[in-house]
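# Inside the fold
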Amino acid sequence: MSQQPFLPFSKPTIDEATISAVGDVLRSGWITSGPKVQAFEAKLSEYFGGRPVRTFNSGTCTMEIALRIAGIGPGDEVITTPISWVATANVILEVGATPVFADIDPITRNIDLAQVEAAITPRTKAIIPVYLAGLPLDMPMLYALANKYNLRIVEDAAQALGSSWDGERIGATGDFVSFSFQANKNITSSEGGCLVLNNAEEARLAEKYRLQGVTRTGFDGLDVDVLGGKFNMTDIAAAIGLGQFAHIEKITAHRQNLAQHYFKCFGDDFEAQYGAQLPPADFENSNWHLFQLVLPERQDGLPARATFMEQMQAHGVGIGYHYPPIHLLSLYRAQGFKEGMFPVAEKVGRLIVSLPMFTAMTEADVERSVAAVKAVLNAG
């Protein structure tokens, strides 16, 4: 249908200086964890107000390691949202704890803190909130709840690098804060992540967990006193991360401008006319990692999201969806979760789509995306 080049949902932008820096690492003879990792951690620590930061090979193991540092394991419960990448819940299972879900707010699509409080039991030891699309929760409310019940917080800020709350960067305060540098994130290291920690003791323990629990002393001293894994970031990935991170302010501002243009193109009457729900128009706190719509149900019996995605592809526009409800995946159904338990999350998880949003996009790309959305919804 479309004669224009395909507009993907996401596309990383790697500049020539970063490509050259990767070449330098490859020529250096030191390609695993080394000086580039240390430099990347130092830059991240500076960005987060001097808090200790350690990098890893994913933004998944960061959360698992945070739970381990917090001493969470069998017999403990951890509350999280059903609308996230499944990793958010999987890490709870990895440490032997029990995932507990709480429904989401229908406007922000983040976990509903009132539902969280209702789900707390004597076994609850932590909360993993997720900042969907880069939009944070109400941070004072979150930490007031944690203080009230003596809970640890592992912020799944995978999508929220560059986001803030009330003028303060996500990661600059709080408990454990986990970020992802996976390929479609605002800042990528191809694969990778980082964990912001509270003190030097936690940072040292994180180092042990990311590399087999090893402690080295002197020339040949080696000991292992905790069960660690193989989660270290390479210097190749860190070189990409450093190159990307140098542009974080520019990238965040550009994505905010793209989001503003999306709203302008959709217009004030879009929701009433088309029956779809736009995201909250937050230009103070969100880094606009994603621009998401909740689609209307179809009247012809066809699956709303799959049909929409197919028709958008015919218009030459790529669509993502983030995410199907975790509790309805087979692994979690086997633990007793089922339809009807979290109705808001189930509706959103069935109908949510992510429109194209990436650094190389232009306003013309936004206009094309919006025109295709309106055409598809009109046809439906």
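Residues numbered from 1 in each chain as written. Predicted model: local features only at pLDDT ≥ 70, side-chain atom pairs only at ≥ 80, totals over all residues. Heavy atoms only, no water.

Before going further, it helps to examine the nonpolar core. Formed by 47 residues in total, the largest nonpolar core has its most connected members in Phe 266 and Phe 291. Setting aside its immediate chain neighbours within four residues, Phe 266 contacts Leu 278, Phe 291, Leu 293, Leu 355, Val 370, Val 373 and Lys 374. The next biggest cluster of nonpolar side chains, apart from the first, holds 40 residues, and it includes Phe 40, Leu 44, Val 53 and Ala 119. (Core = buried A, V, L, I, M, F, W, Y, C linked by side-chain atoms within 4.5 Å. Buried < 20%, exposed > 50% of the residue type's maximum accessible area, 1.4 Å probe, protein only. Contact = heavy atoms within 4.5 Å.)

As a further point, take the UniProt feature "active site" (unreviewed entry) in the chain. Under the feature "active site" (unreviewed entry), the UniProt entry names Lys 185. Of note, Lys 185 is situated in the loop between strand 8 (176-180) and strand 9 (193-196). (UniProt positions renumbered as here; feature names shortened; annotations may be inferred. Helix = DSSP H or I, 4+ residues; strand = E, 2+ residues; numbered from the N terminus.)

So, on to the UniProt feature "modified residue: N6-(pyridoxal phosphate)lysine" (unreviewed entry) in the chain. As annotated by UniProt and renumbered to match this structure, "modified residue: N6-(pyridoxal phosphate)lysine" (unreviewed entry) occupies Lys 185. Since its relative accessible area comes to 14%, Lys 185 is described here as buried. Other than its neighbours up to four places away in sequence, Lys 185 contacts Ala 158, Gln 159, Ser 180 and His 289.

Attention now goes to the sheet that holds strand 8. Strands sit in the order 1-9-8-5-4-2-3 across an open sheet of seven strands; the sheet is mixed. The open sheet is flanked by strand 1 (53-56) and strand 3 (98-101), the only strands paired with a single partner. Ignoring which end each strand starts from, the neighbouring axes of this sheet average 25° apart. Both strand 2 (residues 77-80) and strand 3 contribute to a ladder of four bridges, which runs parallel. From the neighbouring strand, Glu 77 faces strand 3, where its bridge partner is Thr 98. The strands touched by helix 6 (residues 139-149) within the sheet are strand 4 (124-128) and strand 5 (152-156), with strand 5 carrying the most contacts at an inclination of about 145°. (Pairing = 2+ DSSP bridges. Axes fitted to C-alpha atoms, helices over the stretch in contact; angles between N-to-C directions.)

On to helix 8 (residues 235-245). Burial within helix 8 is extensive, with nine of its eleven residues counted as buried. Turning to helix 8, its buried residues are Asp 235, Ala 237, Ala 238, Ala 239, Ile 240, Gly 241, Gly 243, Gln 244 and Phe 245. At its buried positions, helix 8 is contacted by helix 1 (16-28), helix 2 (35-47) and helix 9 (248-266).

Under the criterion given, the structure shown has two cavities of 30 Å³ or more. Each pocket or cavity is described by its volume, and for the largest cavity that value is around 110 Å³. Taken together, Thr 108, Arg 109, Leu 132, Ala 133, Leu 135, Pro 279, Pro 280, Asp 282, Ser 286, Trp 288, Leu 290 and Gln 292 make up the lining of the largest cavity. Residues belonging to the lining of the largest cavity are distributed by class as follows: seven nonpolar, three polar and two charged. Approximately 40 Å³ is the volume found for the second largest cavity. Ala 158, Gln 159, Ala 160, Leu 161, Ser 180, Lys 185, Asn 186, Ile 187 and Asn 287 together form the lining of the second largest cavity. (1 Å grid on protein atoms, 1.4 Å probe; cavity = no way out; pocket = protein on both sides within 12 Å on 5 of 7 lines; lining within 4 Å. Points joined across faces, edges and corners; volume = space filled by probe spheres on them. Nonpolar A, V, L, I, M, F, W, Y, C, P; charged D, E, K, R; others polar.)

Helix 7 (residues 200-210) packs onto helix 3 (residues 61-69) with a crossing angle of 125° between their chain directions and a minimal axis gap of 10 Å. Here helix 3 lies oblique to helix 7, going by the angle between them. The crossing of helix 3 and helix 7 is right-handed. Note on element contacts: helix 7 touches helix 3 through Glu 202, Leu 205, Ala 206, Tyr 209 and Arg 210, opposite Ile 65, Arg 68 and Ile 69. Residue classes in the contact of helix 3 with helix 7 are distributed as five nonpolar, no polar and three charged. (Parallel < 35°, antiparallel > 145°, perpendicular 65-115°, else oblique. Left-handed = near helix turned anticlockwise from the far one by under 90°.)

Here helix 1 crosses helix 8 at 155°, and the two axes come no closer than 9 Å. Classified by the angle between their axes, helix 1 and helix 8 sit roughly antiparallel to one another. Handedness of the helix 1/helix 8 crossing: right-handed. Contacts between helix 1 and helix 8 pair Thr 18, Ala 21, Val 22, Val 25 and Leu 26 from the former with Asp 235, Ile 236, Ala 239, Ile 240, Gly 243 and Gln 244 from the latter. Partitioning the contact of helix 1 with helix 8 into residue classes produces seven nonpolar, three polar and one charged.

For the bond running from His 322 to Tyr 323, omega is 15°, close enough to zero to count as cis. Structurally, Tyr 323 can be placed in the loop between helix 11 (304-314) and helix 12 (330-333). The phi dihedral of Ala 133 falls on the positive side, at around 65°, and the residue is not glycine. For Ala 133, the position within the fold is in the loop between strand 4 and helix 6.

This part covers the packing of aromatic side chains. Within this structure, the stated rule accounts for 19 aromatic pairs. Where Phe 263 meets Trp 288, the ring centres are 5.9 Å apart and the plane angle is 80°; that geometry is what we call edge-to-face. Here Trp 288 lies in the loop between helix 10 (270-274) and strand 12 (291-294) and Phe 263 lies in helix 9, a separation of 25 residues in the sequence. Both residues of the pair, Phe 263 and Trp 288, belong to the buried class. Among the aromatic residues, ring-to-ring pairing joins Tyr 262, Phe 263, Phe 266, Phe 270, Tyr 274, Phe 283, Trp 288 and Phe 291 into one connected group. If you follow Arg 210 out to its NZ or CZ, it ends over the ring of Phe 56, 5.7 Å from the centre. (Phe/Tyr/Trp six-rings, centres within 6.5 Å; stacked < 30°, edge-to-face > 60°. Lys NZ or Arg CZ within 6 Å of the ring centre and 35° of its normal.)

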